[in-house]
Amino acid sequence: MALDQAKKAAIIAKYARGENDTGSTEVQVALITDRITYLTEHLKINKKDHSSRLGLLKLVGQRRRLMRYLKNTDLARWNIIKTDLGIRN
């Protein structure tokens, strides 16, 4: 399920670095994290939904790559987004 417009706009407004920022690394990580939490709850109920499990694994990998990029470019922003979203490493 895709995010509804209000929730997506709230996430973008919270993590955006500028007024029209929708594609910065922080915003992308926050949106992916929200989708990951939704899919995790979905898979707790629907244990045999293997296609959603594959999508979840792809999202986790994408978030890991974005976080690695952010760590290499700006360590302070990486620490802030990691603690704010509760991402382990």
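Everything quoted here is computed from the prediction, not taken from an experiment.

Analysis parameters
- Residues numbered from 1 in each chain as written.
- Predicted model: local features only at pLDDT ≥ 70, side-chain atom pairs only at ≥ 80, totals over all residues.
- Heavy atoms only, no water.
- Salt bridge = Lys/Arg side-chain N within 4 Å of Asp/Glu carboxyl O.
- Helix = DSSP H or I, 4+ residues; strand = E, 2+ residues; numbered from the N terminus.
- 1 Å grid on protein atoms, 1.4 Å probe; cavity = no way out; pocket = protein on both sides within 12 Å on 5 of 7 lines; lining within 4 Å.
- Points joined across faces, edges and corners; volume = space filled by probe spheres on them.
- Nonpolar A, V, L, I, M, F, W, Y, C, P; charged D, E, K, R; others polar.
- Buried < 20%, exposed > 50% of the residue type's maximum accessible area, 1.4 Å probe, protein only.
- Core = buried A, V, L, I, M, F, W, Y, C linked by side-chain atoms within 4.5 Å.
- Phe/Tyr/Trp six-rings, centres within 6.5 Å; stacked < 30°, edge-to-face > 60°.
- Lys NZ or Arg CZ within 6 Å of the ring centre and 35° of its normal.
- Expected span 1.5 Å × (residues − 1).
- Contact = heavy atoms within 4.5 Å.
- Axes fitted to C-alpha atoms, helices over the stretch in contact; angles between N-to-C directions.
- Parallel < 35°, antiparallel > 145°, perpendicular 65-115°, else oblique.
- Left-handed = near helix turned anticlockwise from the far one by under 90°.

**Remarks on the pattern of salt bridges**
In step 1: Scanning the entire structure with this criterion turns up 5 salt bridges.
In step 2: The shortest N-O distance in the salt bridge between Glu-26 and Arg-77 comes to 2.4 Å. Here Glu-26, found in helix α2 (residues 25–45), pairs with Arg-77, found in helix α4 (residues 75–85); they are 51 residues apart in sequence, far enough to count as distant.
In step 3: Here Glu-41 ties to Lys-44 by a salt bridge, and the two come within 3.3 Å at their closest N and O atoms.

**Re the layout of surface pockets**
In step 1: Estimates place the volume of the largest pocket at around 280 Å³.
In step 2: Val-60, Arg-63, Ile-87, Arg-88 and Asn-89 are the residues nearest the centre of the largest pocket, which is lined by 13 residues in total.
In step 3: For the lining of the largest pocket, the secondary-structure elements that each account for two or more residues are α2 and α3 (50–73).
In step 4: Here the residues of the lining of the largest pocket sort into 5 nonpolar, 5 polar and 3 charged.

**What to know about the environment of Lys-7**
In step 1: The topology assignment puts Lys-7 in helix α1 (residues 5–15).
In step 2: Lys-7 gets classed as partly exposed once you look at its relative accessible area, which sits at 42%.
In step 3: For the pair Lys-7 and Asp-34, spaced 27 residues apart in sequence, the C-alpha to C-alpha distance is 9.6 Å.

**Points about the nonpolar core**
Within soluble globular proteins, side chains that are nonpolar tend to cluster in buried spots.
In step 1: Tyr-15, Val-29, Met-67 and Ile-81 are the most contacted members of the largest nonpolar core, which has 19 residues in total.
In step 2: Mapped onto this core, the elements with two or more residues apiece are α1, α2, α3 and α4.
In step 3: Residue contributions to this core peak at 8 residues, all from α2.

**Re the packing of aromatic side chains**
In step 1: Considering all chains together, one arrives at 0 aromatic pairs under this definition.
In step 2: Against the face of Trp-78 rests Lys-71, its NZ or CZ located 4.8 Å from the ring centre.

**Regarding α2**
In step 1: Taking 1.5 Å of rise per residue, 21 residues should cover 30 Å, and α2 covers 31 Å from first to last C-alpha, within 8% of that figure.
In step 2: Inspection of α2 places Thr-25, Glu-26, Val-27, Val-29, Ala-30, Leu-31, Ile-32, Thr-33, Asp-34, Ile-36, Leu-39 and Leu-43 among the buried residues, and these make up the whole buried set.
In step 3: If you follow the buried residues of α2, they end up packed against α1, α3 and α4.

**Some details on the packing of α2 against α4**
In step 1: One way to put it is that α2 packs onto α4 with a least axis distance of 11 Å and a crossing angle of 20 degrees. Compared by their axis directions, α2 and α4 come out roughly parallel. Here α2 and α4 pass one another in a crossing that is right-handed. For the pair α2 and α4, the contacting residues are Glu-26, Val-29, Ala-30 and Thr-33 in the first and Arg-77, Ile-81 and Leu-85 in the second.
In step 2: In terms of residue class, the contact of α2 with α4 is made up of 4 nonpolar, 1 polar and 2 charged.

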